[in-house]
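Topology and contacts: notes
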Amino acid sequence: MKELFGKLADGTEIYRWSLENGGTRLKVLSYGGIVQSLEIPDSRGRYANVSLGFGTIEDYVASSPYFGALIGRYGNRIDQGQFTLDGQAYQLDVNDGANSLHGGAEGFDKRVWDIEPFTEGSDVGLYLHYTSADDEMGFPGTLQTKVTYTLTAQGDWRIDYEATTDRTTVVNLTNHVYWNLAGESSGSVYDHELEIAATRYTPVGEGLIPTGELAPVAGTPFDFRAKKTIGADIRAAHQQLLYAQGFDHNWVLDKGITAEPEPIATLRDPSSGRTLSVSTTEPGLQFYSGNFVDGTLVGSGGSVYRQGDALCLETQHFPDSPNQPGFPSTTLRPGETYRSATLHSFGR
C-alpha cells in the first residue's frame, strides 16, 4: 500500500509504503529510504513496532538522528572529512565535529528515493533508486544506487545494496534502524542480550576515529562472543566507553567478507521473547548503544526517547577505511559494481 506521508518545505511529496509478509509488517518512506515502522509479534502473538521513529515528516527533517535511514555515501566517520584516492585529495562535508559522518549533512538519509514495489515468488519488497551527483557532499563520481528491501515468506527482512560509479570513489552503505525488541516506547534496552561473532574490534580516539589497531575483545567490555546484556559492562571504567559514552564501535567480524550473508549477531529481549538474528556479507558491525539519544525527541508512540532506549547494529566496512590502508578497501572504480547484503531474521 502506498500513501502520502507528508510534504517537504519545497512541496516535494513524501510517500509511505506498507508491506506485510511472513508475520512481519514494514513501513518505508521515500525520504531517506527510512524504515518508519517494523512490527513483529512476541511470544504470545502480540505485535509491536520494534524500531524508533517519528510520526511526521517534519520531525524527520528537523531532528532525526538517522532513525531507520539508509546511510551513504559513506556509513560511519571519515577523519577530518578528508582522504586521498589515486593521488587526488578530496574534502568531504564535515558534520560531526571535525569529521564527516554518514555521508555529510545531506547524505542519503536526507534524499528522496524513487521507489517501485515488486512481488517475486513468495517474496514482496521495494526497489529504491537514487542517483548521487558527482561532488555531492564532496564525493567524486556520479553514483547510481539501488537498494532492495525484501520481506520473505518467513518474515525475514533482507537489504541488498548495489552501486556503480563513473569515477573512482569510496562507498560504504548501511541502514540505521534503532532496535528495541520490547517496543519503541518501552524504555531501556540495557536488559537485551547480545552476541557478536567477533574476537577483535577497532579502538577509537577521542573523536571516535579508529586508531588503526585491531584489538582483541577478550578481557574487555567489548567481548560479546557469549551473549550478555547490553548493560552488563556499559558503565565499566574503560577509556573506550568514556570516549563514546557507551558502545559506538566497529567489531571486526570473524567471518570477514563473504559472498552471501552469514550469521554474525543475535539480539534477544527476555521480556517479550523476541529475537533478531543478523547475517551479512560485510566484514564489520557497528554496535551503537543509543548513547546520544538525549531526551529531547518524542517518538511515533508518543514517548520521549532517552539514552539507551534503542541500539543499532550497522553492518559495514570499517570507519575511516579510506585513510586506513590496513582496513578492507571501500574503493569503487568504473566498471565495478558495489554489492552488499544484510538479512534480519526474527523469532519469538
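Scroll up to find the structure this text is about.
As the structure is a computational prediction, the values presented were derived from the model and not from experiment.

**Notes on the overall build of the protein**
The helix and strand inventory of the protein stands at 2 helices and 29 strands. A compact globule built from 348 residues would reach a C-alpha radius of gyration of about 20 Å, and the protein, at 19 Å, matches this within 12%. Each principal axis of the C-alpha distribution contributes one length, and for the protein these read about 60 × 50 × 40 Å. Looking at the protein residue by residue over its 348 residues, the buried ones come to 57%. The long-range fraction of contacts in the protein, counting pairs at least 24 apart against all pairs at least 6 apart in sequence, stands at 65%. Counting only carbon and sulfur atoms, one obtains 45% of the accessible surface of the protein, whose full area is about 13300 Å². Charge separation in the protein, taken as the distance between the mean sites of 26 positive and 44 negative side-chain charges, equals 5 Å.

**Regarding the sheet that holds strand 20 (residues 228-229)**
What the 9 strands build is an open sheet, ordered 11-12-13-14-29-23-22-17-20; its pairing is antiparallel. Two strands lie at the open edges of the sheet, namely strand 11 (114-120) and strand 20, each paired on one side alone. When strand 17 (residues 193-196) meets strand 20, the two strands line up antiparallel, connected through 2 bridges. Residue L194 lies in a different strand from strand 20, and its bridge partner there is K228.

**Some points on the sheet that holds strand 5 (residues 47-49)**
Strand order in this open sheet of 5 strands is 1-2-3-4-5, and the pairing throughout is antiparallel. What marks the edges here is a single partner per strand, and that holds for strand 1 (2-7) and strand 5. Taken over all neighbouring pairs, the strand axes of this sheet differ in orientation by 20° on average, direction set aside.

**Observations concerning the environment of A197**
Among the structural elements, A197 can be located in the loop between strand 17 and strand 18 (200-202). Taking C-alpha positions, A197 is 7.5 Å from F224, a pair spaced 27 residues apart along the chain. When near neighbours in sequence (up to four residues on either side) are disregarded, A197 contacts L253, D254 and I264.

**Points about the pairing of strand 8 (residues 82-85)**
Side chains of strand 8 alternate between two faces, with F83 and L85 buried and Q82 and T84 left unburied. Sheet topology note: the strand 8/strand 9 (residues 88-91) ladder contains 4 bridges and is antiparallel. Note on strand 9: the bridge partner recorded for F83 is Y90. If you look at the hairpin formed by strand 8 and strand 9, you'll find 2 residues sitting between the two strands, and D86 has a positive phi there, around 55°.

**Focus on the packing of aromatic side chains**
Under the counting rule described, the total for this entry stands at 25 aromatic pairs. Ring plane angle 20° and centroid distance 4.3 Å describe the contact between F118 and Y127, whose orientation is recorded as stacked. Just as F118 is buried, Y127 falls in that class too. Look at Y178 and Y288: their rings are 6.1 Å apart centre to centre, the planes differ by 80°, and that puts the pair in the edge-to-face class. One end of the pair, Y178, is in the loop between strand 16 (174-175) and strand 17; the other, Y288, is in strand 24 (residues 284-288), and 110 residues separate them in sequence. Per residue, the accessibility class of Y178 equals that of Y288, and both read buried. One aromatic cluster is present, formed by F54, Y60, F67, Y178, Y288, F292 and Y305 through successive ring pairs. For the cation-ring pair, K228 lies above F224, with the distance from its terminal atom to the ring centre recorded as 4.5 Å.

**Description of the layout of surface pockets**
Considered as a void within the structure, the largest pocket measures approximately 450 Å³ in volume. In this structure, the largest pocket is lined by 29 residues; those nearest its centre are P65, Y66, L101, Y178 and Y288. In terms of residue count, the dominant contributor to the lining of the largest pocket is helix 1 (residues 57-63) (4 residues). For the lining of the largest pocket, the class distribution of residues is 13 nonpolar, 9 polar and 7 charged. Each pocket or cavity is described by its volume, and for the second largest pocket that value is around 350 Å³. E282, T337, Y338, R339 and S340 are, among the 23 residues lining the second largest pocket, the residues nearest its centre.

**Structural notes on the side chain of T174**
Within the element layout of this structure, T174 appears in strand 16. Judged by relative accessible area, which is 2%, T174 ranks as buried. A polar contact of 2.8 Å, which involves the side chain of T174, links it to the backbone oxygen of T315. Non-local contacts of T174, meaning those with residues more than four positions away in its chain, are made with A69, L70, I71, G75, Y161, E314 and T315.

**Let's talk about the pattern of salt bridges**
Inspection of every chain in the model, using the stated rule, returns 17 salt bridges. Measuring nitrogen to oxygen at the nearest pair gives 3.9 Å for the salt bridge that ties R158 to E260. One end of the pair, R158, is in strand 14 (residues 157-165); the other, E260, is in the loop between strand 21 (248-252) and strand 22 (262-268), and 102 residues separate them in sequence. The exposure class of R158 is partly exposed, given its relative accessible area of 23%.

**Considerations on the nonpolar core**
With 57 residues, the main nonpolar core has W157, W179, I196, W251 and F287 as its most contacted residues. Beyond its immediate stretch of four places on either side in the chain, W179 contacts L38, V50, W157, V189, L267, L276, A310, L311, L313, H344 and F346.

Rules used in this analysis
Residues numbered from 1 in each chain as written. Predicted model: local features only at pLDDT ≥ 70, side-chain atom pairs only at ≥ 80, totals over all residues. Heavy atoms only, no water. Helix = DSSP H or I, 4+ residues; strand = E, 2+ residues; numbered from the N terminus. Rg over C-alpha atoms; globule rule 2.2 N^0.38 Å. Buried < 20%, exposed > 50% of the residue type's maximum accessible area, 1.4 Å probe, protein only. Contact = heavy atoms within 4.5 Å. Areas by Shrake-Rupley, 256 points an atom, 1.4 Å probe, with all protein chains shown as cover. Lys, Arg positive; Asp, Glu negative; His and termini not counted. Charge placed at Lys NZ, Arg CZ, Asp CG, Glu CD. Pairing = 2+ DSSP bridges. Axes fitted to C-alpha atoms, helices over the stretch in contact; angles between N-to-C directions. Phe/Tyr/Trp six-rings, centres within 6.5 Å; stacked < 30°, edge-to-face > 60°. Lys NZ or Arg CZ within 6 Å of the ring centre and 35° of its normal. 1 Å grid on protein atoms, 1.4 Å probe; cavity = no way out; pocket = protein on both sides within 12 Å on 5 of 7 lines; lining within 4 Å. Points joined across faces, edges and corners; volume = space filled by probe spheres on them. Nonpolar A, V, L, I, M, F, W, Y, C, P; charged D, E, K, R; others polar. Polar contact = N/O pair within 3.5 Å; in protein donor to acceptor, adjacent residues only side chain to side chain. Salt bridge = Lys/Arg side-chain N within 4 Å of Asp/Glu carboxyl O. Core = buried A, V, L, I, M, F, W, Y, C linked by side-chain atoms within 4.5 Å.

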